[in-house]
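Listed here are the chains, written in short residue letters.
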Amino acid sequence: MSIEPSNTSNYTYQYRFRLGQLLNLTVGIGLLGVSLYLASRFELDNTLIVIVCFLSLIGLTPLLLTIHYLLRSFGLTIKIDQNRGTFEVTNNGRSNTYKLENITSMEICEQSSIGLYGFDFDFAKYIFSNGNICIATNHMTNKYFIPPGIEPRIYKEIFPIIWKRTNA
């Protein structure tokens, strides 16, 4: 993920299925499959129960986060035109246009890894002067637009869940 400003004056963020999402789904389904195989093939004892639970938890994490980000990104298009100073949000066919000056703050949430265990989940939240928010996920772009004059608040979470949907 890249957060530095660029020379590009137009941005379009829209959901795209990428290789990283395929990897997340493959790892998640694979680990769940291995845990189900172990649970059904061998006699359950305390050690096997711990291994199955551990593999299931690790497998469910990327699977559920990928589905969560898909649901938050699908049907959302964001078009930013710096030349005209507009920020257009189309959410399930409903379109709103804001001026870039209406963006009061920005937050970028990145996933922090636990040792070697880490997947690529992050999002940017644009907050407008009327209280509306717009969420751009890494399923939509790999480079977030930073409005001039705004210093984004960057924080890390182990499970970067998007609690509020785009309402802009």
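Further up the page is the structure itself.
The rules behind each value
- Residues numbered from 1 in each chain as written.
- Predicted model: local features only at pLDDT ≥ 70, side-chain atom pairs only at ≥ 80, totals over all residues.
- Heavy atoms only, no water.
- Salt bridge = Lys/Arg side-chain N within 4 Å of Asp/Glu carboxyl O.
- Helix = DSSP H or I, 4+ residues; strand = E, 2+ residues; numbered from the N terminus.
- Buried < 20%, exposed > 50% of the residue type's maximum accessible area, 1.4 Å probe, protein only.
- 1 Å grid on protein atoms, 1.4 Å probe; cavity = no way out; pocket = protein on both sides within 12 Å on 5 of 7 lines; lining within 4 Å.
- Points joined across faces, edges and corners; volume = space filled by probe spheres on them.
- Nonpolar A, V, L, I, M, F, W, Y, C, P; charged D, E, K, R; others polar.
- Pairing = 2+ DSSP bridges.
- Axes fitted to C-alpha atoms, helices over the stretch in contact; angles between N-to-C directions.

J.: Is there a simple way to explain the pattern of salt bridges in this structure?
T.: Where charged atoms from two side chains of opposite charge approach closely, those side chains can pair. Enumeration over the complete set of coordinates arrives at four salt bridges. With its nearest N and O atoms 3.4 Å apart, the salt bridge here joins arginine 153 to glutamate 107. With a gap of 46 residues between them, arginine 153 in strand β8 (residues 153-157) and glutamate 107 in strand β5 (residues 103-111) connect regions that are remote in the sequence. Residue class for glutamate 107 comes out buried when judged on its relative accessible area of 16%. Note that lysine 156 is salt-bridged to glutamate 110, the shortest N-O span being 3.3 Å. One end of the pair, lysine 156, is in strand β8; the other, glutamate 110, is in strand β5, with 46 residues separating them in the sequence. Salt bridges sharing common partners tie together Glu107, Lys125 and Arg153.

J.: So what exactly am I meant to see when it comes to empty space enclosed by the protein here?
T.: Empty pockets left among the atoms are what a rolling probe the size of a water molecule brings to light. Enumeration over the complete set of coordinates arrives at one cavity of 30 Å³ or more. The computed volume of the largest cavity comes to approximately 40 Å³. Classifying every residue of the lining of the largest cavity by side-chain character gives two nonpolar, two polar and two charged.

J.: Would you take a moment to explain the sheet that holds strand β2 (residues 76-81) for this structure?
T.: Sheet strands associate in pairs through backbone hydrogen bonding, adopting either a parallel or an antiparallel arrangement. The four strands lie next to each other as β1-β2-β3-β4, forming an open sheet whose pairing is antiparallel. Two strands close off the open sheet at either side, each with one partner strand: β1 (10-14) and β4 (94-99). When strand polarity is set aside, the average angle formed by the axes of neighbouring strands in this sheet is 10°. Where strand β3 (residues 86-91) and β4 come together, six bridges link them in antiparallel fashion. If you follow threonine 86 over to β4, its bridge partner there is lysine 99.

J.: I tried to follow the layout of surface pockets on my own but got confused; where do I start?
T.: What the largest pocket holds in volume is close to 170 Å³. Along its surface, the largest pocket is lined by 12 residues, and Arg18, Gly20, Asp120, Asn138 and His139 are the ones closest to its centre.

J.: It is not clear to me how the pairing of strand β6 (residues 122-128) should be interpreted in this structure. Could you clarify?
T.: Consecutive residues of a regular strand have side chains that alternate between opposite faces of the sheet. Of all seven residues that make up β6, seven are buried, and the element is covered over most of its length. Looking at chain direction, β5 and β6 are connected through seven bridges and run antiparallel. Across the sheet, residue cysteine 109 finds its bridge partner in β6, namely phenylalanine 123. Bridge analysis of β6 against strand β7 (residues 133-137) gives five bridges, and the strand direction is antiparallel. Opposite tyrosine 126, over in β7, you have cysteine 134 as the bridge partner.

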